[in-house]
Amino acid sequence: MTRLSQEVHTASPAPGADPAARQSAEDASRLREAAERWRAEYAASVGAQPDAVNRSGIAIEPLYVPADAPPSFLDRIGYPGQPPYTRGIYATMHRGRSWSQRQLVGLGTPADYNARLRRLIEGGTTAVSLIPCNSVFRGFDMNEVPAELLGTCGTVVDTVEHLETCLDGLDLARTSVALNDPLPFTLLAFLIVAAERRGLDPACLAGTSNQSDYLSHCVANHMFFRLSLPGSRRVLLDEIAFCMGRMPRWNTLSVVGQHMQQAGATPAQAMAFTLSSAIQYARDCIARGMRPDEFLPRFTFFFDVSISFFEEIAKFRAGRRLWTRIARDTLGARDARAWRFKFHAQTSGVDLTRAQPLNNIARVAVQAMAGIFGGLQSLHTDAWDEALSTPGPAGARIAVATQNILREEARLTDVIDPLGGSWYVEQLTDRMEAEIERTLAIVEDAGGMYRAVEAGLVQRMIGESARRFQEHIESGEQVCVGVNAWREPDEGQTHLAQPRPDPARMRSHLESFRRWKAGRPAAAVSRALDDLTRAAHDDTANTFEQVVAAARSGCTHGEICARLRRELGTGQPLAMI
Amino acid sequence: MELRPRVLVTKIGLDGHDRGARVVAACLRDAGMEVVYTPPWQDIPAVVKLAIEEDIDVIGISSLATDHLIVPALIEALRAAGAGDVAVIVGGIVPDEEVPALIEAGVAQVFHPGAPLARIADFVRSAAARVRATRFPDAR
């Protein structure tokens, strides 16, 4: 069963040549002999063994040798900070500057969020994130959804004033703000207006529109899928055009592989679909007259990192190499900043188990190591109690400590791309790259990502992979410690769940929202919404500019989403099993 | 007569993570059951209407992000519509301390992450048999 690069072990140079050739013939013969001896000993002791296959379907050999690494160091591996960026997008990587620790934050009312944020600021944080309530994700105001659900999975933010409360005390000009803000980007609009009210030029704002990748929402994270596919396509381009002109430090687009891998895509598929999405968005921008050298440097990526350790490392190294080629050769970018594959990673919740839940701390550490060795720019580590409930403060502390331990105690950052040059990792990087390219070609043949998603092709492929993975768990082929192997009697719960938001505080938040709404200048609100309608039907207008204007006029999140849904259509994912 | 359980797999509330719902729905279908599957975010009245129209024995609610908090309201609505005999099961992330309230409200079973599909299918089959037995006491 062992493949072991035959070419190296069987190639013999011409006989009778000079001493150097004789020496190399002797070396080759010794090498062949050593390989054969190992192969025989391995086979005798292991016998017939099932093939090891990773989650992306690639067969894994028991041993790798020098011939498994790519022949050309400079073209395929090279130096960090230089194309093809296999080893990292910056010359210094984590040795120079650690990754950002960007934990997701958000529960309860804006005041609850602000209290949490102030503790983080005291702890020296320079990068914050805001996760809004699921009501916000679905495009509703707080008075439009079941009250029991408010604030249980994120912060209830429906107005500029709510966002101001959230970010009170935060230096907006010096802190990078990641907003989980699907289009039409109401939170970004609120942030712009909040900055204006503080007398700041929005150009000073730095951060990322997370969840701007509507294709991933249509495919996998449906709760963020607010507008129809064509409507989404239009509004995203408007946001990118708006920010390129006025907010040069804002990352307009985060292309997301995380949702798709969480929904069941294999690591190679998730990387391929993400690259296909990025190609689609870039082509759409180019068709709109934008230049790749201007918009591509503001694209970022966001991935899941599973416990399939080497596979994940190879996924990231292959993705970086492919993106360099795509950005340069396919999309025609000339500026090296456009070739750099900047990404955030989140450890995968799918791998976490409810059985023996403290084991999740070990799982998250392994996942995080894979992401770090994979060369990420920013990392969220999951809390061990995620499989039990909304993570509590103790679990969140351990998740952050895990990153600190890996960086400062284990010193994983001392060497750049420390696994580069491993015959296995280099070979696996090549194999993953080929597998990713195979899926890229399937999407390309279907007419690009937009068409492939519209036709349900991507959804079907992900569904099949999810099914296959579940079958591997049910059959025991994929071991899950505590679930289908190494089970132990329940040791009893020691977990303290995150308390639900205080109903009284949420009620008062809701009441004050109602009062505020009733007291607004109604004429300005309806004028702004009518402007939004006109912009939606005028191809020369910028819808996002009107979203900002609507926020300035006191329109709520729900009103803006509802109006654009009416004009551009509601996002409806395909329901299929 | 062989019993083919009629199952509705759906999500109510605001969350959209549907991997679990899809995997469970496909498993129940492959186990020979009649499965009605919907996209997420169904209104409670819509679920009740569908359950009645489709003659559903068991409703499976998938909840990954606190939507289980409104399952008691679903059960009340089923009872009010005269469909209180439909068995309701919940699967997903439900904190232990919130399970008793669901059971008290009438939820037949809560399946946590890691529950084997075969166990879910077995439970659904016997729950459906119980529902049919109450609905058609003379059928046997």
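Focus: the nonpolar core
Membership of the largest hydrophobic core comes to 182 residues, with the highest contact counts inside it found for L191 of chain A together with V88 of chain B. Broken down by element, this core gets its largest block of residues, eleven residues, from helix α12 (residues 267-287) of chain A. Each residue touching L191 of chain A, except ones within four places of it in the same chain, is listed here: L163, V177, L179 and L205 of chain A.

Overview of the environment of V99 of chain B
Residues and elements named next belong to chain B. With respect to the secondary-structure elements, V99 resides in helix α4 (residues 99-105). It is 11 Å that separates the C-alpha atoms of V99 and P72, two residues lying 27 residues apart in sequence. When residues no more than four places from it in sequence are discounted, the contact partners of V99 are V94 and V110.

Remarks on the interface of chain B and chain A
When the parts come together, some accessible area is lost, and that loss is often what is quoted as the size of the interface. On the side of chain A, 32 residues touch chain B, which itself brings 30 residues to the contact. Here the element with the most residues in the side of chain B that touches chain A is helix α1 (residues 19-30) of chain B; it accounts for six residues. Considering only residue class, the side of chain B that touches chain A consists of 16 nonpolar, six polar and eight charged.

Overview of the pairing of strand β8 (residues 253-256) of chain A
Taken residue by residue, a regular strand's side chains alternate between the two faces of the sheet. Residues and elements named next belong to chain A. Burial along β8 is two-sided: the residues L253 and V255 and S254 and V256 are all buried. The sheet contact formed by β8 and strand β9 (residues 299-305) spans four bridges and is parallel. Paired with S254 across the strands is T300, a residue of β9.

Some details on α12 of chain A
Residues and elements named next belong to chain A. Helix length check: α12, at 21 residues, gives a terminal C-alpha distance of 30 Å against a target of 30 Å (1.5 Å per residue), a fit within 8%. Among the 21 residues that make up α12, 17 are buried, leaving the element largely enclosed by the rest of the structure. G289, located one to two residues past α12, shows a positive phi value of around 95°.

Description of the confidence of the model for chain A
Predicted confidence across chain A gives a mean pLDDT of 92, with 96% of residues reaching 70 or more. This stretch, residues 1-13 of chain A, has a pLDDT under 50; its non-local contacts, to residues over four places away or in other chains, come to 30 contacts.

Conventions adopted
- Residues numbered from 1 in each chain as written.
- Chains lettered and ligands numbered in written order.
- Predicted model: local features only at pLDDT ≥ 70, side-chain atom pairs only at ≥ 80, totals over all residues.
- Core = buried A, V, L, I, M, F, W, Y, C linked by C-beta atoms within 7 Å.
- Buried ≥ 20, exposed ≤ 12 C-beta atoms within 10 Å, placed from the backbone.
- Helix = DSSP H or I, 4+ residues; strand = E, 2+ residues; numbered from the N terminus.
- Contact = placed C-beta atoms within 7 Å.
- Nonpolar A, V, L, I, M, F, W, Y, C, P; charged D, E, K, R; others polar.
- Pairing = 2+ DSSP bridges.
- Expected span 1.5 Å × (residues − 1).
- pLDDT = per-residue confidence, 0-100.

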